[in-house]
Structures are given as structure tokens and as C-alpha cells.
Amino acid sequence: MKKQQGKAKGGSKKSEIFLTIFLTITIFASITCSAIFALKPEFDTLGFLLSRFVDYGSEYQADYGRVCYGTIFGCEKITPEYDDVAVDTKTLGQQDIIFSFKHNDESIELKQTVFVVDKTAPMITVEKEEATICPGGKIANFGLKVEDDYDGELTEKATINYHEEDQKVIISVLDSNENSATYILPAKSGDTEPPVITLNGEEHVSIYQNNWYGDAGATVVDNCDEVELVTTGSVNTNAVGTYEITYSATDNSGNAASVKRTVEVKQPQRASGTIYLTFDDGPGQYTARLLDILKKYNVKATFFVTGKGDDSLILREYNEGHTVALHTFSHDYGYVYQSEKNYFDDLYRIQDRVKRITGVAPTLIRFPGGSSNTISANYDGGQRIMSKLVKSVQEKGFTYFDWNISSGDAGGATTSDAVFNNVVRSLKNGGSSVVLQHDIKGFSVDAVERIIQYALNRGYTFAPLTASSFAAHHGVNN
Ligand code: ZN
């Protein structure tokens, strides 16, 4: 970065001359008057500065010259009691300020006129050592910046002229107070600078086999020409290996540049374990779509159904090899958790429904809210109904299931991405994953295909729940 401060012109010269004349008169008058009023003691104000120039934006320092009290035989210097001597140096123009001087009971106020003037020239900086004159005459960008203390950025106001005879570029600029600055930059004809290519995204990218790869591309700029970026190479996401993508560009003068990106396609991390996808609260309007996805991957899941939805969906679940299990008919906390009788009335009602549709009466169940729910305490009159139910359901031949991975689709997660992330980051490598989702939530159903692909790629297997499966019990809190 080169810097060059322009020479100041305008107001400053005038002010110096004015000041010199003023001081000369002051000194001359001082001598004459002192002689006349020599004998009576009084303020001698002839040394007081009636006016001054102050630089725009500078730190103001009071300066009043000299005032004394006395006679020709002796005059005591008086310092002012600063009354009103603040000067706003960020405002150009004239400002009057008052100094007051005191001697015993006598006092005097003197007015000084301060002129705030801008005599600082703009600052020109350039980034390049020399300017390039492109074929065709355009002056290539050389990183010009012009800043002025008063006007701020003045880069756009600069005049740039190429002087071919002495191979120079002359930059000149004038600020709004007539201060000028000039900068002379050596210049050469002909473009020897290649285009500059900048990668979007990382230089080294790694992905797992079979995952999607989207190239982020690159951007190109050239000092003289509009150039085109050419991209070569591709990534085969199905095959493990390291791939190169090359971005290149050539300008009109034949200067070429190229930048590479490497993309590593890695073997997926291997995992093992069984995933039990479970869907509560259906069937509903997204259940058919979910069944299609499960069928596509031959994945079997478990549905904890309610009294809602079409019979045909429950039949399809059953016929396609999924486990149809029970969640209660009404899913009404206030009813089912009021008493054991209510709970079982409701549970048998949904069991009857499923038996009517499929011919089989399921015995796998899931409590609304899970066995650990505390919401039941709001309705059970203090009888700790969950503690009773976990015993009595088993006595009646039911097997209850909770979950050890929550997709969050009933609360915190509201997008398919969030559901996907919640599930895949919690998968139990080497163990059993019982995943809670709801097939009455479209965004949750939308995450299922990605969850299946992710898990199959890593070596997990899927299974429907059976009476002997891992039950993922939570522990009872009411
Ligand atoms: Zn539920």
C-alpha cells in the first residue's frame, strides 16, 4: 500500500498572511498605547488575539495571546477565567468565544473570533506498484482509494489520466474546500496479469459414498477483460476415491489461471444395530405416503394406532408386514388417565377395532405420553395411575413399549431436517434404537426416506417390534 499526501492549498496561505499583518499591528500599537496610558493602572489588552484559524477536526486548544494589568512601570500577566471557550472544530466557519479576565474587583471580557477551516488535502492510496494499460486503452484497476478528513471517501471523485509519453497515470482529486491532492503512478502498456480465480467453498471436500455432492463453483475476475470460467472434472459419488475439479480461465492477452478443488469420496462409517421405527397417533393423511416409502426400501416398522383414520390404512399396515400395536382409542389424557377402568375400556376399544380389521388382536401397546409421563397426575386424583397401569397391563397380557430416540416431532422439531438430525445423531451403534415419530405429521414422514438411506448406508438393519424386542422402558414418574 502506497500513500501520498497532497499539498494543501486555498484558505491556509491567506490565513498566514492575515495573521502576520495582524500581529505586526498589535505589537506596534501596544508600544504606542503603553506610552500614552503609562501611569494609570489598567488592563492592557493589546496582546490579546482577536482572531485565530483552527484546523477542521483538530483538538481545540485555547490561545488568547497576552493580557496584563498595570502601568508602563510594571504589568502583571493575567490568565483568563475560562468562561465560554469551547470551539466545535467539526463545524467549518466562524465561531465567537469570550474570555474574561479579572484583577481584584475589575474585570474585562474579550471576544475572540475563531475560524474553523479545512486545509487538509485528501489522502490518495493505491494498492499496485504500477498501473496496467490494457490493450484497447482501459486503465486496469490499481486499488485506488481516496479519503478526506472533511468529505470522507472521495474515490469516485478522482480524475485518472494516462500520460502515454512518459508512461504515467496521474490521479488528482479536489475536496469540497478546494484542497487538492495528486498521485503519480508508473504505468505500463500491455496486460501480463492472469485472471484471479477464487473458489466458492472449501478447497478440500470430503463426502461419504452415495451421498449427494453439489459443487460450489468458483468466481473469476480479470484486470482487463471479461473472462469465462471453464470447469472440468466430475465426482462419482458412487465410487470411493479422490476427484479433482479444475476451474480455469484465460484472458484476451493469453494470460491463463487455474485452481483445483479435491473431493474425497469416503467409505461410509460402518455401524451395526437394529432400528425400530415406530409411529404413534395414526393412521392419518400421511400414513399412505409413509407406507409407500417403507415398501420401497422393504423396511418394516411399528404403528401404535388410535381410533382415528381409515380402516384400510390399518389393514395395509398389517398386510405389508408392519406391526400394528395399540396406543388407546381416544388418546384423551383426561379420560384414559382418570381411572384404570377408563384406560382399559379405551384400550380394549382400539384392540377391538384392529381385530375387526385384521383378524388379530394386538397385545403390544404404548401409553399416550409414554410410561414416564407426568401429565396423568393432572387427571388421576392422586392415585399414581402410571405405577398401577404398568403392572396391570402386564398382568392382562400386554407388553408396553417406550422409546430411546425421540425425533422431537411432537415438540421442538418442526422441520424434516430437524427430525432427520435428531434421529440419526442418536442412533445406537451396536444396539437397539426405538425411534418415536408420529405419522400424523407430514414433515416427520418426509424425513423417513433420508433416515432409512442414512442408516442402510452405514449398515444398520430395520425391524418391527415384537413381544420380545427391546422395550426401551423409561421408568415411571407417577
Ligand atoms: Zn401419542
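Rules behind the numbers
Residue indices follow the written sequence of each chain, beginning from 1 at its first position. Owing to the predicted nature of the model, reporting of local features is limited to residues with pLDDT of at least 70; listing and counting of side-chain atom pairs is limited to 80 or more, with chain, interface and lining totals taken over all residues. The side-chain figures draw on all heavy atoms in the structure; neither hydrogens nor water molecules are used. Any two strands with at least two DSSP bridges between them are considered paired. The secondary structure listing takes helices from DSSP runs of H or I that are at least 4 residues long and strands from runs of E that are at least 2 residues long, numbered from the N terminus. Residue-level confidence of the predictor is what pLDDT reports, using numbers from 0 through 100. The criterion used for residue contact is that any of the two residues' heavy atoms lie within 4.5 Å. Take the buried Ala, Val, Leu, Ile, Met, Phe, Trp, Tyr and Cys residues and link them wherever side-chain atoms come within 4.5 Å; each set so joined is a nonpolar core. With a 1.4 Å probe rolled over the protein chains alone, any residue whose accessible area is under 20% of its type maximum counts as buried; one over 50% counts as exposed, and the rest are partly exposed. Segmentation into domains, and thus their bounds, comes from an automatic or database assignment. Geometry of aromatic contacts follows a simple scheme: Phe, Tyr and Trp rings, the Trp one being its six-membered ring, pair when their centres are within 6.5 Å, and the pair is stacked under 30 degrees between planes, edge-to-face over 60, tilted otherwise. By definition, being over a ring means that NZ of Lys or CZ of Arg is both within 6 Å of the ring centre and within 35 degrees of the ring normal. Distances up to 2.8 Å from the metal define which N, O and S atoms are donors, and 3.2 Å serves for Na, K and Ca; water is absent from the atom set, so sites may look incomplete. Angles run from 0 to 180 degrees between N-to-C directions of axes, and those axes are lines fitted to C-alpha atoms, restricted for helices to the stretch in contact. For patch detection, residues must exceed 30% relative accessible area and be free of salt bridges, and they are connected within 9 Å for like charges or within 5 Å for nonpolar side chains (Val, Leu, Ile, Met, Phe, Trp, Tyr). In this description, accessible areas are obtained by the Shrake-Rupley approach with a 1.4 Å probe, and a residue is regarded as covered only by the protein chains that are shown. Think of a salt bridge as a Lys or Arg side-chain nitrogen and an Asp or Glu carboxyl oxygen that are within 4 Å of each other. Disulfides are defined as cysteine sulfur pairs within 2.5 Å. Between 65 and 115 degrees an angle is taken as roughly perpendicular, under 35 as roughly parallel, over 145 as roughly antiparallel, and anywhere else as oblique. Crossings are sorted by hand: turned counterclockwise from the far helix by less than a right angle, the near helix makes the crossing left-handed, and turned clockwise it makes it right-handed. Side-chain classes follow a simple rule in which Ala, Val, Leu, Ile, Met, Phe, Trp, Tyr, Cys and Pro form the nonpolar group, Asp, Glu, Lys and Arg form the charged group, and the remainder, Gly included, forms the polar group.

**Q** Hey, could you run me through the pairing of strand β7 (residues 93-103) in this one?
**A** In this structure, β7 lies alongside strand β8 (residues 106-117), joined through eleven bridges in antiparallel fashion. Within the sheet, the bridge partner assigned to Q95 lies in β8 and is V114. Adjacent in sequence and paired antiparallel, β7 and β8 are bridged by two residues, among which N104 carries a positive phi angle near 50°.

**Q** Where do I start with the confidence of the model for the chain in this structure?
**A** Low pLDDT marks regions whose predicted coordinates should not be analysed in detail. Confidence along the chain averages 91 in pLDDT terms, with 91% of residues attaining 70 or more. The model gives residues 5-12 a pLDDT under 50, and that stretch makes 16 contacts with residues more than four places away or in other chains.

**Q** Please clarify how the nonpolar core should be interpreted in this entry.
**A** Where a protein is soluble and globular, its nonpolar side chains tend to be buried together. Counting residues in hydrophobic clusters, the biggest one holds 48 residues, and the most contacted among them are L277, L294, Y343, I365 and F367. Those elements giving two or more residues to this core turn out to be β22 (273-280), α2 (287-296), β23 (302-305), β24 (323-326), α5 (340-358), α6 (385-395), α7 (416-424) and α9 (448-458). Looking at this core, the element that brings in the most residues is α5, giving six residues. Setting aside residues up to four positions removed in sequence, F367 forms contacts with H327, Y337, Y343, M386, L389, V390, V393 and Y400.

**Q** Even after reading the chapter, I still don't get the domain arrangement of the chain, so can you show me in this structure?
**A** By a widespread convention, an interface's size corresponds to the accessible area lost as its parts come together. Annotation of the chain at the domain level lists domain 1 (42-117), domain 2 (123-189), domain 3 (196-266) and domain 4 (273-462). A C-alpha centroid distance of 44 Å is found between domain 1 and domain 2.

**Q** Any chance you could explain the packing of aromatic side chains here in plain terms?
**A** Given two aromatic rings, their pairing is described by the distance between the two centres and the angle made by the two planes. With the rule as written, the count across this model stands at 15 aromatic pairs. A centroid spacing of 5.3 Å and a plane angle of 25° characterise the contact between F53 and F115, whose relative ring orientation is stacked. Of this pair, F53 sits in strand β3 (residues 51-55) while F115 is found in strand β8, placing the two residues 62 residues apart along the sequence. The class of F115 is partly exposed, set by a relative accessible area of 25%. Each ring, one from F344 and one from Y348, has its centre 6.1 Å from the other, and the planes form 35°; the classification is tilted. Here Y348 and F344 lie together in helix α5, a separation of four residues that amounts to about one turn. Directly above the aromatic system of F344 lies the positively charged group of K396, at a separation of 4.8 Å from the ring centroid. R450 extends its terminal NZ or CZ atom over the ring of F420, reaching a point 4.4 Å from the ring centre.

**Q** Could you clarify how one ought to interpret the coordination of the zinc ion in this entry?
**A** For a metal bound by four donors in a tetrahedral arrangement, the ideal donor-metal-donor angle is 109.5 degrees, while six donors in an octahedral arrangement ideally sit at 90 or 180 degrees. Protein-derived coordination of the zinc ion comes from D281 (OD), H327 (NE2) and H331 (NE2), at a distance range of 2.1 to 2.2 Å. Each donor residue of the zinc ion lies on one chain, and together they are spaced D-x45-H-x3-H. For H327, a relative accessible area of 2% gives the class buried.

**Q** Is there a simple way to explain the sheet that holds strand β10 (residues 131-133) in this structure?
**A** Ordered by their spatial adjacency, four strands build an open sheet running β10-β15-β14-β13, and the pairing between neighbours is mixed. The sheet terminates laterally at β10 and β13 (159-163), the two strands that pair on one side only. On average, adjacent strands in this sheet sit at an angle of 35° to one another, irrespective of strand direction. In this structure, strand β14 (residues 168-174) lies alongside strand β15 (residues 180-189), joined through seven bridges in antiparallel fashion. What sits directly across from K168, in β15, is P186.

**Q** Would you explain the sheet that holds strand β2 (residues 42-44) in this entry?
**A** The three strands are arranged β2-β4-β5 in an open sheet whose pairing can be described as antiparallel. The strands lining the two open edges of the sheet, one partner per strand, are β2 and β5 (74-77). With direction set aside, neighbouring strand axes in the sheet form an average angle of 35°. Here strand β4 (residues 68-71) pairs with β5 via four bridges, running antiparallel. Within β5, the position partnered with G70 by the bridge is C75.

**Q** Help me out: how do you make sense of a nonpolar patch on the surface in this one?
**A** Taken together, the side chains of L39, I72 and F73 define a hydrophobic patch exposed on the protein surface, amounting to about 400 Å² of accessible area. Along the chain, L39 turns up in the loop between α1 (11-36) and β2.

**Q** Mind showing me how you'd approach the environment of I98 here?
**A** Locating I98 in the fold gives a position in strand β7. Between the alpha carbons of I98 and H438 there is a distance of 81 Å; along the sequence they are 340 residues apart.

**Q** Looking at this model, I keep getting lost on the state of the cysteines. Mind explaining?
**A** Where two cysteines share a covalent bond between their sulfur atoms, that bond is called a disulfide. Throughout the structure, instances matching the rule amount to two disulfides. Sulfur-sulfur distance for the disulfide between C68 and C75 comes to 2.0 Å. With the S-S bond torsion at 95°, the cross-link from C68 to C75 turns out right-handed. Overall, the relative accessible area of 29% leaves C75 in the partly exposed class. One disulfide in the model links C134 with C224; its S-S distance is 1.8 Å.

**Q** Is there a simple way to think about α7 in this case?
**A** An α-helical turn contains 3.6 residues, so a residue and the one three or four places further along point in the same direction. By the burial criterion, the buried members of α7 are S416, V419, F420, N422, V423 and V424. Where α7 is buried, its residues touch β27 (405-406), β28 (431-438), α8 (442-446) and α9.

**Q** Help me out: how do you make sense of the packing of α2 against α9 in this one?
**A** Helix-helix packing is characterised by the crossing angle of the two axes and by the distance between the axes. Interhelical geometry of α2 versus α9 gives an angle of 20° and a closest axis separation of 10 Å. With respect to each other, α2 and α9 are oriented roughly parallel. For the element pair α2 and α9, the recorded crossing hand is right-handed. In this structure, α2 uses L290, I293, L294 and K296 to contact α9, whose residues at the interface are V448, E449 and I452. Of the residues belonging to the contact of α2 with α9, the class tally is five nonpolar, no polar and two charged.

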